[in-house]
Amino acid sequence: MKIGVLGCKGRVGSLIVKELQGDGWPSLSLAGGTAHNPAAVKGDFFVTSHAEELFSKSDALIDFTLPDAIPVHAALAEKHKKILIVGTSGLSEAHEAML
């Protein structure tokens, strides 16, 4: 299963990338990640600033971005019929209802 990491440059997102690049999860692979500035991300994997590109390359996505990204990411998950795991903190009731 190919996993995309939304917010791959952040503290938790970068840890998830590291885990997926290791050999501890043989049935999972890193599809790539998103970052505001893809050029600033160190590593040899696909990185984009456009979430929809990552949704199209992934089987499931893990979101550690910001609450304001929830409407877009929830809509993309529905559009692309993808699993979306959200670890973002500070969600409002409205954000949770979108999910």
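Residues numbered from 1 in each chain as written. Predicted model: local features only at pLDDT ≥ 70, side-chain atom pairs only at ≥ 80, totals over all residues. Heavy atoms only, no water.

Trainee: Can you help me understand the overall build of the protein chain in this one?
Mentor: When helices and strands are counted, the protein chain shows four helices and five strands. In the protein chain, the succession of helices and strands from N to C terminus is β-α-β-β-α-β-α-β-α. In terms of overall dimensions, the protein chain is globule-like: its C-alpha atoms have a radius of gyration of 13 Å, near the 13 Å expected for 99 residues. Across its three principal axes, the protein chain shows a C-alpha extent of roughly 35 × 25 × 20 Å. (Helix = DSSP H or I, 4+ residues; strand = E, 2+ residues; numbered from the N terminus. Rg over C-alpha atoms; globule rule 2.2 N^0.38 Å.)

Trainee: Would you mind going over the packing of aromatic side chains with me for this structure?
Mentor: Aromatic ring pairs are described here by two measures, namely the spacing of the ring centres and the angle between the planes. All chains considered together, the criterion is met by zero aromatic pairs. Across the ring face of F46, the terminal group of K57 is positioned such that the distance to the ring centre comes to 4.7 Å. (Phe/Tyr/Trp six-rings, centres within 6.5 Å; stacked < 30°, edge-to-face > 60°. Lys NZ or Arg CZ within 6 Å of the ring centre and 35° of its normal.)

Trainee: How do you make sense of the pairing of strand β1 (residues 2–6) when you look at a structure like this?
Mentor: The side chains of a regular strand alternate between the sheet's two faces. Buried residues dominate β1, accounting for four of its five residues. One ladder, built from five bridges, connects β1 with strand β2 (residues 29–34); its direction is parallel. Considered in β2, the bridge of L6 is made with T34. Assessed by its sense of winding, the connection that carries the chain from β1 through helix α1 (residues 11–21) to β2 is right-handed. Here β1 pairs with strand β4 (residues 60–63) via four bridges, running parallel. Paired with L6 across the bridge in β4 is D63. (Buried < 20%, exposed > 50% of the residue type's maximum accessible area, 1.4 Å probe, protein only. Pairing = 2+ DSSP bridges. Right-handed = clockwise from strand over helix to strand, strands pointing away.)

Trainee: Please clarify how the pattern of salt bridges should be interpreted in this entry.
Mentor: Working definition: two side chains of opposite charge can pair if their charged atoms are close together. One pass over the full model with this rule turns up one salt bridge. Note that K79 and E52 form a salt bridge whose closest N and O atoms lie 2.6 Å from each other. Of this pair, K79 sits in helix α3 (residues 70–80) while E52 is found in helix α2 (residues 51–57), placing the two residues 27 residues apart along the sequence. (Salt bridge = Lys/Arg side-chain N within 4 Å of Asp/Glu carboxyl O.)

Trainee: Quick question: what am I supposed to make of the side chain of H95 here?
Mentor: Looking at where H95 falls in the secondary structure, it is placed in helix α4 (residues 93–98). For H95, a relative accessible area of 12% corresponds to the buried category. Once residues lying within four places of it in the same chain are set aside, the contact partners of H95 are P67, D68, I70 and P71. (Contact = heavy atoms within 4.5 Å.)

Trainee: Which parts of the structure should I look at to understand the pairing of β4?
Mentor: Because side chains alternate across β4, one face comprises the buried residues A60 and I62, and the other comprises L61 and D63, equally buried. In this sheet, strand β5 (residues 83–86) lies alongside β4 in parallel orientation, the contact comprising four bridges. Of the residues in β5, the one forming a bridge with L61 is L84. In the classification by handedness, the crossover that spans β4, the intervening α3 and the parallel β5 is right-handed.

Trainee: Teacher, can you tell me more about the nonpolar core here?
Mentor: Proteins that are soluble and globular tend to have nonpolar side chains buried together. Ranked by size, the top nonpolar core spans 13 residues in total, and within it V5, C8 and F45 carry the most contacts. Contributions of two or more residues to this core are made by β1, α1 and β4. Top contributing element to this core by residue count: α1, with three residues. Dropping the residues within four chain positions of it, F45 is found in contact with C8, V17, Q21, L30, G32 and G33. (Core = buried A, V, L, I, M, F, W, Y, C linked by side-chain atoms within 4.5 Å.)

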